[in-house]
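Below are the chains, spelled out letter by letter.
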Amino acid sequence: MKFCSDCAAPVALKVPADDTRERFVCTDCGTIHYQNPNMVVGTLPIWNIAGEVKVLLCKRAIEPRYGFWTLPAGFMENQETCRQAAQRETIEESGANIELHELFSVLSVPHVDQVHLFYRATLVDLNYLAGIESLEVALFAEHEIPWDEIAFATVGQTLKFFFEDLKKVRAGGQFSLHEHDFYKSHRPN
């Protein structure tokens, strides 16, 4: 950031009074410009075919990670809730009709200033198709998932959490809310 969005004067990076972090502060009007993480929100869409559970994945048609597989997700917009963002991104990327369930995973990625949220979802039908940001959309059983072609570590971890929980659910347990922190040393699968 170089200029104040309130008065257009230059900003300086400094620790404001009563704060502990460097912030961009206007050199003229004193406005403190806070920068916060971006929210990436999506779903883990599931289809249960006679007891065989499959997950809907999208092959990315955009960078970063063009041609790699991901869950339908994207940046949350202003003026929408997390649930609305998850629903919108699922429709935009996969055209899928879903029933949205509870929040399933919260993944912090501090080195890129992001938090990723994934909701469990059930496909209402098999009417899905690749959106503008997807080359292809397909259902995968656990043994079919192209693990070496997963776009982001957060997606791979969410899928691992899901299949671990699925074993518990089949034994009479339930799905859990999962949290995980990714640091710069983590790489996509």
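(A) Quick peek at the overall build of the chain. When helices and strands are counted, the chain shows two helices and 11 strands. For the chain, the N- to C-terminal ordering of α and β elements is β-β-β-β-β-β-β-α-β-β-β-α-β. The C-alpha extent of the chain, read off along each of the three principal axes, is 65 × 35 × 30 Å. Per-residue burial for the chain yields a buried fraction of 43% across its 189 residues. Pairs at least 24 apart in sequence give 60% of the contacts found in the chain among residues at least 6 apart. Element-wise, carbon and sulfur atoms account for 50% of the exposed surface of the chain, whose accessible area totals about 10500 Å². The average position of the 17 basic charges and that of the 26 acidic charges among the side chains of the chain differ by 5 Å.

(B) Here's a closer look at the environment of Ser-134. Relative to the helices and strands, Ser-134 is located in strand 10 (residues 134–141). Other than its neighbours up to four places away in sequence, Ser-134 contacts Cys-58, Lys-59, Ala-61 and Glu-93. A distance of 2.8 Å separates a polar side-chain atom of Ser-134 from the backbone oxygen of Glu-93.

(C) Quick peek at the side chain of Thr-154. When you line up the elements, Thr-154 lands in helix 2 (residues 153–170). Excluding anything up to four places from it in sequence, Thr-154 contacts Leu-107, Val-109, His-116, Phe-118 and Phe-182.

(D) The arrangement of the state of the cysteines in detail. What the rule picks out here adds up to zero disulfides. A disulfide-free cysteine, Cys-4 has its sulfur positioned 3.8 Å from the sulfur of Cys-29, the nearest such atom. Cys-29 carries a free sulfur, and the closest cysteine sulfur to it, the one in Cys-26, is 3.6 Å from it.

(E) Structural context of the nonpolar core. Core analysis: the biggest nonpolar cluster contains 25 residues, and Leu-44, Val-55, Leu-57, Leu-71, Leu-159 and Phe-162 have the highest contact counts within it. Those elements that provide at least two residues to this core are strand 4 (38–49), strand 5 (52–60), strand 8 (98–109), strand 10 and helix 2. Per-element tally for this core: the top contributor is helix 2, with seven residues. Contacts of Phe-162, omitting those with residues within four sequence positions, involve Leu-44, Ile-46, Val-53, Val-55, Phe-104 and Phe-175. Listed in part, the 17 residues of the second largest apolar core include Leu-56, Cys-58, Ala-85 and Ala-121.

(F) Spatial organisation of the environment of Gln-35. Structurally, Gln-35 can be placed in the loop between strand 3 (32–33) and strand 4. Assessed through its relative accessible area of 54%, Gln-35 is described here as exposed.

(G) Quick look at the pattern of salt bridges. With the rule as written, the count across this model stands at six salt bridges. In this structure, Arg-120 engages Glu-102 in a salt bridge whose closest nitrogen and oxygen atoms are separated by 2.7 Å. A residue pair is termed long-range when its members are at least 10 positions apart, and Arg-120 in strand 9 (residues 114–123) and Glu-102 in strand 8 qualify at 18 residues. For Arg-120, a relative accessible area of 14% translates into the label buried. You can call Glu-102 partly exposed: its relative accessible area is 33%. Among the ionic contacts, a cluster of salt bridges with common partners joins Glu-80, Arg-88, Glu-89 and Glu-92.

(H) The arrangement of the sheet that holds strand 1 (residues 11–14) in detail. Ordered by their spatial adjacency, three strands build an open sheet running 1-2-3, and the pairing between neighbours is antiparallel. Both outer strands of the open sheet, strand 1 and strand 3, are each paired with one neighbouring strand and no more. Relative to strand 2 (residues 23–26), strand 1 runs antiparallel, the two sharing four bridges. Counterpart to Leu-13 in the pairing with strand 2 is Phe-24.

Reading the values: rules and limits
By convention here, each chain's residues receive numbers from 1 onward along its written sequence. Per-residue local features are limited, in this predicted model, to residues with pLDDT of at least 70; the limit for side-chain atom pairs, both in listing and counting, is 80 or more; totals at the level of whole chains, interfaces and linings are taken over all residues. In computing side-chain values, all of the structure's heavy atoms are included and hydrogens and water are not. Strands are runs of DSSP state E lasting at least two residues, helices are runs of H or I lasting at least four, and both sets are numbered from the N terminus onward. When a residue's accessible area, from a 1.4 Å probe over protein chains only, is under 20% of the maximum for its type it is buried; when over 50% it is exposed; and in between it is partly exposed. Here, two residues are considered to be in contact whenever any of their heavy atoms come within 4.5 Å of each other. The method behind every accessible area is Shrake-Rupley, applied with a 1.4 Å probe, and residues are considered shielded solely by the protein chains displayed. Asp and Glu are treated as the negative residues and Lys and Arg as the positive ones, with His and the ends of the chain left uncounted. Think of each charge as sitting on NZ of Lys, CZ of Arg, CG of Asp or CD of Glu. We define a polar contact as two N or O atoms separated by no more than 3.5 Å, with the added condition that, inside protein, one atom must be a possible hydrogen donor and the other a possible acceptor, whereas residues neighbouring each other in sequence contribute only through side-chain atom pairs. Disulfide assignment relies on a single distance test, namely cysteine sulfur atoms paired within 2.5 Å. In these notes, a set of buried Ala, Val, Leu, Ile, Met, Phe, Trp, Tyr and Cys residues joined through side-chain atoms within 4.5 Å is what counts as a nonpolar core. A pair is scored as a salt bridge if a Lys or Arg side-chain nitrogen falls within 4 Å of a carboxyl oxygen belonging to Asp or Glu. In short, DSSP must find at least two bridges between two strands for them to pair.

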